[in-house]
Amino acid sequence: MIEHETIVAAARGWLGTPYHHQASVKGVGCDCLGLIRGVWREIYGSEPEAMPAYTRDWGNATGSETLIAAACRHLVRLDDVNEAAPGDVLVFRMRDRGVAKHAGVISALPRFAHLERDGPNEPASMIHSQEGLGVVEIPLGRWWLRRAVAAFRFPDKETFVPLLKGRVASKASRVG
């Protein structure tokens, strides 16, 4: 089983990487999707599918939820964004009635009063890549939470096996 701390540590390893549209190279450049792709590679080895070129306005003309569809193919969708925990991926709709076009990794969630023995409350935060800032860890406040439309969890390594051409499939769905 992949520990949430492993995912958060992998994402934090990208902090300071400059923003670069369509890129996914730690320390060199990435966009929000490139960060998720880079964390995937650190955990699983190769990416599950080849990434087609995309423009900054992708999905606007067709209204296609491309980012959510891709996440559904490779990550485990949670029933509700409120189920998300550190290490999970949140997908955001930046405009009302727009397509979901941004993603980040939750890095911390507040501890509740009954868990005080674990230490002081830690503010909610996420790691993402943003134009002009690069990969940063920021507070996950109301502004972001209002825009969160889907939450995903990285699958267990034991559940997925690499197939030809970097594709990933569940052991349960493999033939043979």
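Residues numbered from 1 in each chain as written. Predicted model: local features only at pLDDT ≥ 70, side-chain atom pairs only at ≥ 80, totals over all residues. Heavy atoms only, no water.

Caption draft 1: Summary view of the nonpolar core. Grouped together as the largest cluster of nonpolar side chains are 28 residues, with contacts concentrated most on Val39, Val89, Val91, Phe152 and Phe154. Listed by contribution, the elements that provide at least two residues to this core are helix H1 (4-12), helix H2 (32-44), helix H3 (66-74), strand S4 (89-93), strand S5 (100-108) and strand S8 (148-153). Not counting residues up to four positions away in its chain, the partners in contact with valine 39 are Ile7, Ala10, Ala11, Trp14 and Phe154. Ile106, Ala124, Ile138 and Ala151 belong to the second-largest nonpolar core, a separate cluster that totals 13 residues. (Core = buried A, V, L, I, M, F, W, Y, C linked by side-chain atoms within 4.5 Å. Buried < 20%, exposed > 50% of the residue type's maximum accessible area, 1.4 Å probe, protein only. Helix = DSSP H or I, 4+ residues; strand = E, 2+ residues; numbered from the N terminus. Contact = heavy atoms within 4.5 Å.)

Caption draft 2: Representation of the pattern of salt bridges in the model. On inspection of all chains with the given rule, the structure shows seven salt bridges. Among the salt bridges present, the one from glutamate 65 reaches arginine 93, with a minimum N-O distance of 2.5 Å. You can see glutamate 65 sitting in the loop between H2 and H3 and its partner arginine 93 sitting in strand S4, a full 28 residues away along the chain. When its relative accessible area of 23% is taken as the criterion, arginine 93 is described as partly exposed. Between arginine 153 and aspartate 88 there is a salt bridge; the shortest N-O distance is 2.6 Å. With a gap of 65 residues between them, arginine 153 in strand S8 and aspartate 88 in the loop between strand S3 (76-77) and S4 connect regions that are remote in the sequence. Among the residues examined, aspartate 88 registers a relative accessible area of 0% and is labelled buried. Connected through salt bridges with shared partners, the residues Arg37, Arg41 and Glu47 form a single ionic network. (Salt bridge = Lys/Arg side-chain N within 4 Å of Asp/Glu carboxyl O.)

Caption draft 3: Up close: the state of the cysteines. The tally for this structure, following the rule as stated, stands at zero disulfides. Here cysteine 32 is not disulfide-linked; the sulfur of cysteine 30 is the nearest cysteine sulfur, at 8.7 Å. According to the relative accessible area criterion, cysteine 32 is buried, its value standing at 10%. (Disulfide = S-S within 2.5 Å.)

Caption draft 4: Seen up close, the side chain of histidine 21. Among the secondary structure elements, histidine 21 is positioned in the loop between H1 and strand S1 (24-25). Accessibility expressed as a relative area gives 18% for histidine 21, which makes it buried. In terms of polar contacts, histidine 21 uses its side chain to reach the backbone carbonyl oxygen of tyrosine 54, at 2.9 Å. Each residue touching histidine 21, except ones within four places of it in the same chain, is listed here: Asp31, Tyr54, Thr55 and Arg56. (Polar contact = N/O pair within 3.5 Å; in protein donor to acceptor, adjacent residues only side chain to side chain.)

Caption draft 5: Region of the structure containing the sheet that holds S3. In spatial order, the strands read S3-S8-S4-S5-S6-S7; together these six strands make up an open sheet with antiparallel pairing. Each of the sheet's edge strands pairs with one partner strand only, and the pair in question is S3 and strand S7 (134-139). With four bridges joining them, S4 and S8 adopt antiparallel strand pairing. Paired with phenylalanine 92 across the two strands is alanine 148, which belongs to S8. Packing against the sheet, H1 makes contact with S5, strand S6 (125-130), S7 and S8, and its axis sits at approximately 115° to S5. Packed on one face of the sheet, H2 meets S4, S5, S6 and S7 and runs near 50° to S5. (Pairing = 2+ DSSP bridges. Axes fitted to C-alpha atoms, helices over the stretch in contact; angles between N-to-C directions.)

Caption draft 6: Broad picture of the environment of isoleucine 127. Relative to the elements of secondary structure, isoleucine 127 occurs in strand S6. Taking the C-alpha atoms as reference points, isoleucine 127 and isoleucine 106, 21 residues apart in sequence, are found 6.4 Å from one another. Each residue touching isoleucine 127, except ones within four places of it in the same chain, is listed here: Val8, Ala11, Arg12, Leu15, Leu35, Gly104, Val105, Ser107, Val135, Val136 and Glu137.

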